Amino acid sequence: MKKLCLKNGHVIDPANGLDKIADVWIANGKIAGVGRKPDGFDRFDEIDCKGLWVMPGLVDLAARLRAPMPGIVTETRAAAAAGITTLCCPPDTAPPVDTPAVAELIHHHGDEAGNAHVRVLGALTRALAGTDITTMAALKRAGCVGVSNARWPMANAMVMRRAMLYARTFDLTVFVEPDDHSLTGDGCVHEGRVSARLGIPGVPESAELVALSRDLTLVRETGVRAHFGRLSCARSVELIARAKAEGLSVTADVAAHQLFLTDLDCAGFDANTHVRPPFRTDADRDGLRQGVADGVIDALCSDHQPHDEESKLAPFPSTAPGISALETLLPLCLRLVQENLMNRTEMVRRLTSTPAAILSDPAGSLGEGAPADICIVDPKRVWQLNPDEMVSRGHNTPFGGWEFTGRAVRTLLNGKTVFELK
Amino acid sequence: MNGHDIQIGPDGKLHHFLSVEGLDREMLVSILDTAERFVDVGRQDVKKVPLLDGRTVMNLFFEASTRTLSTFELAAKRLSADVLNLHVSKSSTTKGESLVDTLKTLQAMHCDIFVIRHGDSGAADFIARHVEPHVSVINGGDGSHAHPTQAMLDAFTIRRHKPDFSKLAVAIVGDILHSRVARSEIRALNTLGVGELRVVAPHTLLPARVDSFGVQVFTDMDEGIADADVVIMLRLQEERMRGAYLPGHGEFFRMYGLTQERLKLAKPDALVMHPGPINRGIEIDSATADGPQSVILEQVSNGLAVRMAVMCMVLGVET
């Protein structure tokens, strides 16, 4: 592979404390250096990055790829188009990732597609049924970066407790999407003003808080490392903050769209606002934002859930929940910077080195020897999201028509350009 | 993106009737006034007017219903429209044919009005957004969201007995949480300027944030119906006895059932209403349902007039 220099870009690499104009040198798919030209760079290709940001490729903690096939090819291509170079796929695939074979299959297809690194969470219980724990040691050997029951319920607290103890045995992080199904029921919008008005079954805040409180208690008792993902309530932020203050080994993320929309956005029955957990109140959205700003919420993710048109073409309660969100992850996070919630270094950190650390992945850094997974952003580019032009097979987004400033214009994976904006 | 914008056509007239929400007082009064003109049609020997002659009304029911379906059917027939009743079981839309495909097929039959009854909240709104512009959609009840013709026939019945809404205290009693009738009634009666609107139910059957409805909330039946001019009892669905909403019929009737004894707490001339079908001995006792203050059967007859009015209005037919 030819050597490469990304010339004159503004390098933002929080993992290495860099925020300055510098050249990035790449050899053999790895970072050879930032700044001064390393030895042995006599002949190399050059990409002019003047006026652009050069940052580590994004690491997305939750993206449904509709794996194994054919979703994985298009969805990783969509990731590349959004500057995302590492994706973590929850285990609720069909079939679920409860055996090493399924994990290997997804890894294989991911590698074959070659658009992004695909990481996989193993199932916490067999068939995600919540009753029998999986062969976690074998799943780890097959490359699973953690274990999770996705949004599927555990039969009871005892199974969760033992699953945590067993995961801890093999130093596996347990990834939890807190959701007490008995309280969620058939709810599909936040229980509050909008559910009351529309007569749509509501999901009370307690559905998240009861599950989160229980699992934090179990984390304390089992000593497992846990990551709580896709939080939707301001009070969840308080619970996480308390757990962290106590010294528990917990991290948390929020889906970027939760920082922008509320239940009021569901009031017109727009099926694209049907997500799980649901959009909650203004106070929740603001509480989540504050949690992100304060660092209680560590990472930002897409919670990508692409759906075909049919799945959203029905009355609201009968539609599939979820947003095709890869392609709005960075644009929405750039807005957080533009709205002064955080500075750009911090934003980049929450999308790169922090989620990489949660996955114990070497990605998310431009340090010498790191894989040359790079996202190049034009911070001034103004554009409008047209759902029909999305690369993902899912065009289900509530952000159609939104105007954004800043966009990924080129993505490199192992030093190779996997996306370039035409 | 609100469903209520699409109800009004570019000419400012009613094009669909999906929800009371979004319609102003003038529009609601005009529905009531139009309905007045149809009250007598049913009392004539020839119970037909030729207003919708040559038009086709399709009753598209995705949820079982006999009463609502028959009143819509009869209303259309009395207007001389051709009527087609179609029961679509939910399984036939989930298996294979999508709701939109079903709609396209039916649309090819050139209907003028779709009357929709569906188990999902938002279904009528969804269908209105996917029909061709010349088709009007009337909501015959969608999930727990809305049942606007029921709300209007109730308002109509009240007005015939007590014409000044502003002087009335109206109590709606029972399963507010799951009731599309209650949601539409609350909206309609508030828009029509009812003086005092109350809901009465145990907390398990009240929606979260019910306070945002512009109603007074009572959990005590005696307090809730005290000095009321109108008491509207809601049907209690059998399935509420499961799912831990209520312990059983007996206690519900004791705490929230309407009896002759309890009715004495309301004004002496208070109207007793119920959207039907009634569960005798569960939300209301027979003596009260059949008693002198009950206007339950009158509601049924008025339902025809209101539905005739709405059908004419959405098609822009002068009455």
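Residues numbered from 1 in each chain as written. Chains lettered and ligands numbered in written order. Predicted model: local features only at pLDDT ≥ 70, side-chain atom pairs only at ≥ 80, totals over all residues.

## Here we look at the overall build of chain B
Threshold: Strands are runs of DSSP state E lasting at least 2 residues, helices are runs of H or I lasting at least 4, and numbering of each runs from the N terminus. With C-alpha atoms as the basis for the radius of gyration, the globule rule is written as 2.2 Å multiplied by the number of residues raised to the power 0.38. Counting other C-beta atoms within 10 Å of a residue's C-beta gives its exposure: the residue is buried at 20 or more, exposed at 12 or fewer, and partly exposed in between, where C-beta atoms are placed from the backbone.
For chain B, the helix and strand inventory stands at twelve helices and nine strands. Computed over C-alpha atoms, the radius of gyration of chain B comes to 19 Å, within 12% of the 20 Å expected from 2.2 N^0.38 for 319 residues, which places it in the range of a compact globule. Expressed as a percentage of its 319 residues, the buried residues of chain B come to 49%.

## Focus on the sheet that holds strand S16 (residues 299-301) of chain A
Residues and elements named next belong to chain A. As a reminder of what qualifies: When DSSP finds two or more bridges between two strands, those strands count as paired.
Taken together, six strands build an open sheet; the order of strands is S9-S10-S11-S14-S15-S16 and the sheet is parallel. Sheet topology places strand S9 (122-123) and S16 at the edges, where each strand pairs with a single neighbour. With two bridges connecting them, S9 and strand S10 (residues 147-148) associate as parallel partners. Looking at the pairing, Gly122 lines up with Val147 of S10.

## Let's talk about the confidence of the model for chain B
The criterion, for reference: Confidence of the predictor in every single residue is expressed as pLDDT, which spans 0 to 100.
Here chain B averages 93 in pLDDT, while 97% of its residues score no lower than 70. Predicted complex, confidence summary: ipTM 0.89, pTM 0.93.

## Description of the domain arrangement of chain A
All names here are of chain A. The line we're drawing: An automatic or database domain assignment is the source of the domain bounds shown. Contact definition: two residues whose C-beta atoms, as placed from backbone geometry, lie within 7 Å. Polar here means any residue other than Ala, Val, Leu, Ile, Met, Phe, Trp, Tyr, Cys and Pro, which are nonpolar, and Asp, Glu, Lys and Arg, which are charged; Gly is therefore polar.
The domains assigned to chain A are domain 1 (4-54 + 371-420) and domain 2 (56-358). Put simply, the middle of domain 1 and the middle of domain 2, counted by C-alpha atoms, are 26 Å apart. Contacts between domain 1 and domain 2 engage 29 residues on the former and 40 residues on the latter. Broken down by secondary-structure element, the contributors of at least two residues to the side of domain 1 that touches domain 2 are strand S1 (4-13), strand S17 (374-384), strand S18 (403-413) and strand S19 (416-420). Sort the elements by how many residues they give to the side of domain 1 that touches domain 2 and S18 lands first, with seven residues. Here the side of domain 1 that touches domain 2 is composed, by residue class, of 16 nonpolar, eight polar and five charged.

## Things to note about the packing of helix H4 (residues 157-169) of chain A against helix H7 (residues 206-222) of chain A
Residue and element names in this part refer to chain A. Threshold: Between the N-to-C directions of two axes lies an angle of 0 to 180 degrees, each axis being a line fitted to C-alpha atoms and, for a helix, fitted only over the stretch in contact. These descriptions rest on fixed angle ranges, namely under 35 degrees for roughly parallel, over 145 for roughly antiparallel, 65 to 115 for roughly perpendicular, and the rest for oblique. Crossing handedness follows the turn of the near helix against the far one: under a right angle anticlockwise gives a left-handed crossing, and clockwise gives a right-handed one.
Packing of H4 against H7 brings their axes to within 10 Å, and their N-to-C directions diverge by 40 degrees. Classed by the angle they form, the pair H4 and H7 counts as oblique. In the crossing of H4 with H7, the sense of the turn from one axis to the other is right-handed. Taken together, the residues of H7 that come into contact with H4 (itself represented by Ala157, Met160, Arg161, Met164, Leu165 and Arg168) are Arg214, Asp215, Leu218, Val219 and Thr222. Considering only residue class, the contact of H4 with H7 consists of six nonpolar, one polar and four charged.

## Here's the deal with the domain arrangement of chain B
Where interface size is quoted, it is often the accessible area lost as the parts come together. All names here are of chain B. The domain architecture assigned to chain B consists of domain 1 (5-146 + 300-314) and domain 2 (148-295). With 25 residues of domain 1 at the contact, the number on the domain 2 side is 21 residues. Sorting the residues of the side of domain 1 that touches domain 2 by element identifies helix H1 (25-36), strand S4 (136-142) and helix H12 (296-314) as the ones contributing at least two each. Ranked by residue count, the leading element in the side of domain 1 that touches domain 2 is H12, at six residues. When grouped by side-chain class, the residues that make up the side of domain 1 that touches domain 2 number eleven nonpolar, nine polar and five charged.

## Some points on the interface of chain A and chain B
In this complex, chain A contributes 20 residues to the contact, which on the side of chain B involves 23 residues. Among the elements that line the side of chain A that touches chain B, the one with the most residues is helix H6 (residues 193-198) of chain A, at four residues. Classifying every residue of the side of chain A that touches chain B by side-chain character gives ten nonpolar, six polar and four charged.

## Side note on the pairing of strand S8 (residues 117-120) of chain A
Residue and element names in this part refer to chain A. For the record, the criterion: Handedness of a crossover: with both strands directed away from the viewer, a clockwise path from the first strand across the helix to the second marks it as right-handed.
Judged by which residues are buried, S8 turns out to be covered on both faces: His117 and Arg119 on one side and Val118 and Val120 on the other are all buried. One ladder, built from four bridges, connects strand S7 (residues 84-89) with S8; its direction is parallel. Each bridged residue has a counterpart across the sheet, and for Leu87 the counterpart in S8 is Val118. Once you follow S7 into helix H2 (residues 100-113) and on to S8, the crossover reads as right-handed.

## Section: unusual backbone geometry
Cis geometry marks the peptide bond from Arg276 of chain A to Pro277 of chain A, where omega comes out at -5 degrees. By secondary structure assignment, the location of Pro277 of chain A is in the loop between strand S15 (250-255) and helix H9 (282-294). Between Gly276 of chain B and Pro277 of chain B the backbone carries a cis peptide bond, its omega angle lying at -10 degrees. Located in the positive-phi region is Asn8 of chain A, a residue other than glycine, with phi close to 65 degrees. Locating Asn8 of chain A in the fold gives a position in strand S1. With a phi angle near 60 degrees, Phe269 of chain A is a residue other than glycine that sits in the positive phi range.

## Considering the sheet that holds strand S9 (residues 271-273) of chain B
All names here are of chain B. Strand order across the open sheet formed by five strands is S7-S6-S5-S8-S9, with parallel pairing between neighbours. Either end of the sheet is taken by a strand with one partner, and the two such strands are strand S7 (216-218) and S9. Taking the axes of each pair of neighbouring strands and ignoring which way they run, one obtains an average angle of 20 degrees across the sheet. In terms of strand pairing, strand S6 (residues 196-200) meets S7 through three bridges, oriented parallel. Bridge pairing in S7 links Arg198 to Gln216. Sheet strands in contact with helix H6 (residues 148-161) are strand S8 (230-233) and S9, and its direction is about 165 degrees off that of S9.

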